[in-house]
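A look at the structure
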Amino acid sequence: MAKLQNIIPVKLITKTVGNINVDIDELTFDSRKVKGGSCFFAIRGTQSDGHSYIPQAITSGATAIVCEELPAECPANVTFILVDNSSVALGYMASAFFGNPSQRLKLVGITGTNGKTTTVTLLYRLARRMGHKAGLLSTVVNYIDDVEVPSTHTTPDPIQLNALLKQMVDTGCDYCFMEVSSHSVVQNRIAGLTFAGGIFSNITHDHLDYHKTFGEYLKAKKRFFDHLPADAFALTNADDRNGMVMVQNTKAKVYTYSLRSMADFRCKVIENHFDGMMLNIDGVEVWTRLLGRFNAYNLLAIYSTLLLLGFEKNEVLTGISDVTPVSGRFEYVRSGHGVTAVVDYAHTPDALENVIKTINEIKSDDQRLITVVGAGGNRDKTKRPVMAKVATELSDIVILTSDNPRFEEPEEIINDMRIGVDASQAKKVITIVDRREAIRTACMLALKGDIILVAGKGHENYQEIKGVKHHFDDKEVLIEIFKTLQV
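Residues numbered from 1 in each chain as written. Predicted model: local features only at pLDDT ≥ 70, side-chain atom pairs only at ≥ 80, totals over all residues. Heavy atoms only, no water.

1. What about the pattern of salt bridges?
Where we set the bar: For salt bridges, the criterion is a side-chain nitrogen of Lys or Arg within 4 Å of an Asp or Glu carboxyl oxygen. Secondary structure is summarised from DSSP: a helix means a run of H or I of at least four residues, a strand means a run of E of at least two, and numbering begins at the N terminus for each. Each residue's exposure class comes from its accessible area (1.4 Å probe, protein chains only) as a fraction of the maximum for that residue type: buried when under 20%, exposed when over 50%, partly exposed otherwise.
All chains considered together, the criterion is met by 23 salt bridges. The partner of K357 in a salt bridge is E353, and the shortest N-O contact between them spans 2.7 Å. Of this pair, K357 and E353 are both found in helix 12 (residues 349–362), four residues apart, which corresponds to roughly one turn of the helix. By relative accessible area, which is 39% here, K357 ends up partly exposed. Overall, the relative accessible area of 26% leaves E353 in the partly exposed class. What you see here is one network of salt bridges that share partners, running through R44, D49, E68 and E69.

2. Structural notes on the environment of E216
Among the secondary structure elements, E216 is positioned in helix 8 (residues 214–226). According to the relative accessible area criterion, E216 is partly exposed, its value standing at 37%. Along the sequence, E216 and A391 sit 175 residues apart, while their C-alpha atoms lie 27 Å from each other.

3. Observations regarding the sheet that holds strand 16 (residues 265–273)
We apply this condition: Two strands pair under a simple rule: DSSP has to find at least two bridges between them. As a rule, the C-alpha atoms of each element are fitted with a line to give its axis, helices using only the stretch in contact, and angles between N-to-C directions run from 0 to 180 degrees. The contact criterion used throughout is that any non-hydrogen atoms of two residues lie within 4.5 Å.
With mixed pairing, eleven strands are arranged side by side in an open sheet as 11-10-9-12-8-13-14-15-16-17-18. What marks the edges here is a single partner per strand, and that holds for strand 11 (147–150) and strand 18 (284–288). Ignoring which end each strand starts from, the neighbouring axes of this sheet average 20 degrees apart. Packed onto the sheet, helix 10 (residues 293–308) meets strand 8 (106–111), strand 13 (197–200), strand 14 (233–237), strand 15 (253–258), strand 16, strand 17 (276–281) and strand 18 and runs at close to 145 degrees relative to strand 16.

4. Points about the sheet that holds strand 4 (residues 26–28)
Across the sheet, five strands lie side by side as 2-7-6-5-4; this open sheet has mixed pairing. Of all strands in the sheet, those bounded by a partner on one side alone are strand 2 (13–17) and strand 4. On average, each strand axis in the sheet is inclined to that of its neighbour by 15 degrees, with strand direction left out of account. The pairing of strand 2 with strand 7 (residues 79–83) spans four bridges and is classified as antiparallel. Within strand 7, the position partnered with T16 by the bridge is I81.

5. Regarding the nonpolar core
Selection criterion: The definition of a nonpolar core used throughout is a set of buried Ala, Val, Leu, Ile, Met, Phe, Trp, Tyr and Cys residues joined through side-chain atoms within 4.5 Å.
Counting residues in each nonpolar core, the largest one holds 41 residues, and the members touching the most others are F177 and L299. The greatest single-element share of this core, amounting to eight residues, is contributed by helix 10. Here L299 is in contact with L122, M277, L279, T288, L290, I320 and V323, once residues within four sequence places are set aside. Judged by nonpolar contacts, the second largest core, of 31 residues, contains F200, Y217, F225 and A234.

6. Quick notes on unusual backbone geometry
Trans is the prevailing form of peptide bonds, just as negative phi is the prevailing case for residues other than glycine. The backbone phi angle of D145 is positive, close to 55 degrees, even though this residue is not glycine. Within the secondary structure, D145 sits in the loop between strand 10 (141–144) and strand 11. Look at D145 and you get buried, because its relative accessible area is 9%. At N188, a residue that is not glycine, the phi angle is positive and equals roughly 60 degrees. Along the polypeptide, N188 turns up in the loop between helix 6 (182–186) and strand 13.

7. Some thoughts on the packing of aromatic side chains
What counts is decided by this rule: Whether two aromatic rings pair depends on their centres lying within 6.5 Å, for rings of Phe, Tyr and Trp, where Trp uses its six-membered ring; planes under 30 degrees apart make the pair stacked, over 60 edge-to-face, and the rest tilted.
Tallied over the entire structure, the rule returns nine aromatic pairs. Plain terms: the ring middles of Y175 and F311 are 5.4 Å apart, the flat faces sit at 40 degrees to each other, and that makes the pair tilted. Highlighted residues: Y175 in strand 12 (residues 175–179) and F311 in the loop between helix 10 and helix 11 (313–320), separated in sequence by 136 residues. Judged by its relative accessible area of 7%, Y175 is buried. For the ring pair F224 and F225, a centre distance of 5.0 Å and an interplane angle of 65 degrees mean the geometry is edge-to-face. For F224, a relative accessible area of 2% translates into the label buried. Taken together, the aromatic side chains of Y175, F177 and F311 make up a single cluster linked through ring pairs.

8. Here we look at the layout of surface pockets
Threshold: Cavity: a set of points on a 1 Å grid over the protein atoms alone where a 1.4 Å probe fits but cannot get out. Pocket: an open set with protein on both sides within 12 Å along at least five of seven lines, its lining residues, like those of a cavity, having an atom within 4 Å of a point. Grid points are joined across faces, edges and corners, and a volume is the space filled by probe spheres set on the points.
What the second largest pocket holds in volume is close to 440 Å³. Y92, I190, A191, G192 and L193 are, among the 24 residues lining the second largest pocket, the residues nearest its centre. Of all the secondary-structure elements, those providing two or more residues to the lining of the second largest pocket are helix 1 (4–7), helix 3 (86–97) and helix 8. Top contributing element to the lining of the second largest pocket by residue count: helix 3, with four residues.

9. Side note on the environment of L394
Note on placement: L394 falls in helix 13 (residues 383–394). Between the C-alpha atom of L394 and that of I370, which follows or precedes it by 24 residues, the distance is 9.8 Å. Leave out the neighbours within four places in its chain, and L394 touches E353, I356, K357, N360 and L369.

10. Re the packing of helix 13 against helix 14 (residues 410–418)
The condition that has to hold: Helix crossings get a hand from a simple test, with the near helix turned counterclockwise from the far one by less than a right angle marking a left-handed crossing and a clockwise turn marking a right-handed one. Charged means Asp, Glu, Lys or Arg here, nonpolar means Ala, Val, Leu, Ile, Met, Phe, Trp, Tyr, Cys or Pro, and polar covers whatever is left, Gly included.
Running from N to C, helix 13 and helix 14 point in directions that differ by 60 degrees, and their axes come no closer than 6 Å. Once helix 13 is placed against helix 14, the crossing between them reads as right-handed. Across the interface between the two elements, R384, P385, M387 and A388 from helix 13 touch I413, D416 and M417 from helix 14. Here the residues of the contact of helix 13 with helix 14 sort into five nonpolar, no polar and two charged.

11. Thoughts on the packing of helix 12 against helix 13
As a reminder of what qualifies: For classification purposes, angles smaller than 35 degrees are called roughly parallel, those larger than 145 roughly antiparallel, those between 65 and 115 roughly perpendicular, and all remaining angles oblique.
Following both chains from N to C, one finds helix 12 and helix 13 inclined at 10 degrees, their axes separated by 9 Å at the closest point. Here helix 13 runs roughly parallel to helix 12, going by the angle between their axes. Along the contact surface, helix 12 presents P349, L352, E353, I356, K357 and N360, while helix 13 presents K383, V386, M387, V390, A391 and L394. In terms of residue class, the contact of helix 12 with helix 13 is built from eight nonpolar, one polar and three charged.

In structure tokens form, the structure reads like this:
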């Protein structure tokens, strides 16, 4: 419970109508959840306008309404707060309602197309390994110290987000590491939060179904850094061509990391094998069980962040040498007869290229790479042919299949992918709509020593078809097929 007058963001208010000295029991932007003591936020969305539900909220007993446009009638028993942007107001009011928890721990956010989940998860694990209580907000799962909380979005809505941060504070957490999606920035889900630091990993084409253009996608990522406070750090990947663009207007202290050029934090890949790689991080050689240049970037970002947070260098390097892969990120399964299968979440052209190139760098010339890949339905269509092109150019055999077709027909998605296949590469491409059968076929085609890459779903344990999520786990299926076929 909080007094409305104590949680109103004065700088955002245009006008108030009614008594602001009232008790608020809860915040909500869902009119179906309104009851006595609720403050309802009328938010304009892509599907509907929350202002249409103000009468329903009033009927359900709302104590206060935050809106961008006052209704024709304002009942005397309801307080109205007029603002320019209801979603921004929600962020600030949710923070205040829960006691501004982001100011009471060190909150670090990471944004970028690839690497977010691995980076925040390993930051969380290493902070806890070094004796600190920490929280995690990720695509895969959320954690309040050692308590798991299911994850529904890359970045939760402001109410859920601040409630989770408050639980972290109440549990005694010193740190929270969170993924910051481009959607969450545009939708103001992180409005009102105080970040101790921000990390930029990389940016490639993704989510253009939502942002429409790459420029808009870039601006969404950049807005995160534009709003960092002066006492925060902004850590950016100097090797990404947009790395310095991200931080050009930030008030935060800028630091860089790189595998290729001069930077504040540097790393070099010395050896790369299927069981790990040897890195030189700031002059110190470190063996890690993660592999691939993309993971070298992730580990360097983790190392840099922990040093900027005040952790001791040798302790951080020791921790890096002991970390294990994050679920669905370059996880591999070996059959009893010498076939290796890699499961990876790569669902963008850049991520797919990184994974395939890593496999090709490690495998010998007599080992073939069989790639099983699809593309999600009702999402960015422009990347479909590009993903197929990447897969066919860099693999020996490619099986195009389903990957969360959602409300589209999987055959149509695969046809979109095939457009990217050059005629000279067409003979190496097989189309199998059923994902289980596609994986089974890859296993049957594999000879001793061959590598199978099953890309796109990683940690996900479902296939989403016509609005229904059916249980499906790539790693589970591979283990089952390996046992059945005895390959």
